[in-house]
Amino acid sequence: DLVSHRVDDEAWSHIAPLRVLSFDIECASRPGSFPDPLVDPVIQIANYVTVQGQTKPLVDNVFVLHTCTPIAGCDVRCFETEQELLQAWSRFVVAVDPDILTGYNIVQFDFDYLVKRAQKLRLRNFECFSRLLKQKVRCKDTKFSSAQTGGRESKEWFIEGRVVFDMYQVIQRDYK
């Protein structure tokens, strides 16, 4: 009987803990201008991977174009070309296999910039970091409207098997 069925605590212990990848990109830009993915390179992608229930991160690294000063407690990975950096990051996402991708403004900026930059550089399979092999990430433009915040345009990213959770959108929606 479904109504009287009770799931005991032991059954929940067999559910895998969530793996979360928090990331942020940095771009170079021309003096006095906002970065443009058709022109300006991605110069860093910082990554922090946690596993639910663990106190230490699984991964704490940064992908860097060319070189940078060592960062205490962080694995700095240097790449000679932007193409190598972006391809390595895409492979990294697949290897880490996060359930959740998060960051601050990743929906409006980071994902969009990365995908447009990869297209500009004609990188093959960069956008295939979903859980389904060879399935490219997809994006659609959306509009959001509420009495509290008014209307605004946004994007919605579809990454099969992964949840995109943008903290900037949460703050925009929940705080005035």
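To start, this report covers the structure provided alongside it. (Residues numbered from 1 in each chain as written. Predicted model: local features only at pLDDT ≥ 70, side-chain atom pairs only at ≥ 80, totals over all residues. Heavy atoms only, no water.)

### Brief notes about the sheet that holds strand β8 (residues 163-166)
Part 1 of the reasoning: The strand order across the open sheet formed by six strands is β4-β3-β2-β1-β5-β8, and the pairing between neighbours is mixed. Each edge of the sheet is formed by a strand with only one pairing partner; in this case those strands are β4 (75-79) and β8. Direction aside, the axes of adjacent strands within the sheet are offset by 20 degrees on average.
Part 2 of the reasoning: Summarising the sheet, strand β3 (residues 59-65) and β4 pair through five bridges and their orientation is parallel. Within β4, the position partnered with valine 62 by the bridge is valine 76.
Part 3 of the reasoning: Against the sheet, helix α2 (residues 82-96) touches β1 (19-27), β2 (42-51), β3, β4 and β5 (100-103), its axis set at about 10 degrees to β2.
Part 4 of the reasoning: Running at roughly 70 degrees to β1, helix α3 (residues 106-120) makes contact with β1, β2, β5 and β8 of the sheet. (Pairing = 2+ DSSP bridges. Helix = DSSP H or I, 4+ residues; strand = E, 2+ residues; numbered from the N terminus. Axes fitted to C-alpha atoms, helices over the stretch in contact; angles between N-to-C directions. Contact = heavy atoms within 4.5 Å.)

### Brief notes about the packing of aromatic side chains
Part 1 of the reasoning: The full count for this structure, using the stated rule, is 12 aromatic pairs.
Part 2 of the reasoning: Plain terms: the ring middles of tyrosine 104 and tyrosine 168 are 5.1 Å apart, the flat faces sit at 70 degrees to each other, and that makes the pair edge-to-face. With tyrosine 104 in the loop between β5 and α3 and tyrosine 168 in helix α4 (residues 167-174), this pair connects stretches of sequence that are 64 residues apart.
Part 3 of the reasoning: When its relative accessible area of 48% is taken as the criterion, tyrosine 104 is described as partly exposed.
Part 4 of the reasoning: Taking 5.3 Å as the distance between ring centres and 35 degrees as the angle between the ring planes, the aromatic pair formed by phenylalanine 109 and tyrosine 113 counts as tilted. Taken together, the positions of phenylalanine 109 and tyrosine 113, both in helix α3 and four residues apart, correspond to about one turn of that helix.
Part 5 of the reasoning: A relative accessible area of 19% means that phenylalanine 109 is categorised as buried. (Phe/Tyr/Trp six-rings, centres within 6.5 Å; stacked < 30°, edge-to-face > 60°. Buried < 20%, exposed > 50% of the residue type's maximum accessible area, 1.4 Å probe, protein only.)

### Side note on the nonpolar core
Part 1 of the reasoning: Ranked by size, the top nonpolar core spans 33 residues in total, and within it Phe23, Ile45, Trp89, Phe92, Leu114 and Phe126 carry the most contacts.
Part 2 of the reasoning: Counting residues per element, this core draws most heavily on α3, at eight residues.
Part 3 of the reasoning: Leave out the neighbours within four places in its chain, and phenylalanine 92 touches Leu21, Asn47, Val49, Val59, Asn61, Phe63 and Arg77. (Core = buried A, V, L, I, M, F, W, Y, C linked by side-chain atoms within 4.5 Å.)

### Some points on α2
Part 1 of the reasoning: Look at α2: 21 Å from first C-alpha to last across 15 residues, which is about the 21 Å you get at 1.5 Å a residue.
Part 2 of the reasoning: Taken residue by residue, α2 has Glu82, Leu85, Leu86, Gln87, Ala88, Trp89, Ser90, Phe92, Val93 and Val96 as its buried positions.
Part 3 of the reasoning: Turning to α2, the residues buried within the fold contact β1, β2, β3, β4, β5 and α3.
Part 4 of the reasoning: Taken from the residues just after α2, aspartate 97 is the one with a positive phi, measuring 55 degrees. (Expected span 1.5 Å × (residues − 1).)

### Some thoughts on the pattern of salt bridges
Part 1 of the reasoning: Applying the stated criterion across every chain yields a total of nine salt bridges.
Part 2 of the reasoning: Taking the shortest distance from any N to any O, the salt bridge between arginine 77 and aspartate 75 comes out at 2.9 Å.
Part 3 of the reasoning: According to the relative accessible area criterion, arginine 77 is partly exposed, its value standing at 35%.
Part 4 of the reasoning: Taking the relative accessible area as the measure of exposure, aspartate 75 reaches 35% and is therefore partly exposed. (Salt bridge = Lys/Arg side-chain N within 4 Å of Asp/Glu carboxyl O.)

### Here's the deal with a nonpolar patch on the surface
Part 1 of the reasoning: Taken together, the side chains of Tyr104, Val163, Phe165, Met167, Ile171 and Tyr175 define a hydrophobic patch exposed on the protein surface, amounting to about 610 Å² of accessible area.
Part 2 of the reasoning: For the nonpolar patch, the secondary structure elements donating two or more residues are β8 and α4.
Part 3 of the reasoning: As for its placement among the helices and strands, isoleucine 171 is situated in helix α4.
Part 4 of the reasoning: Relative accessible area serves as the criterion here: at 36%, isoleucine 171 is assigned to the partly exposed category. (Patch = residues over 30% accessible without salt bridge, like charges linked within 9 Å, V, L, I, M, F, W, Y side chains within 5 Å. Areas by Shrake-Rupley, 256 points an atom, 1.4 Å probe, with all protein chains shown as cover.)

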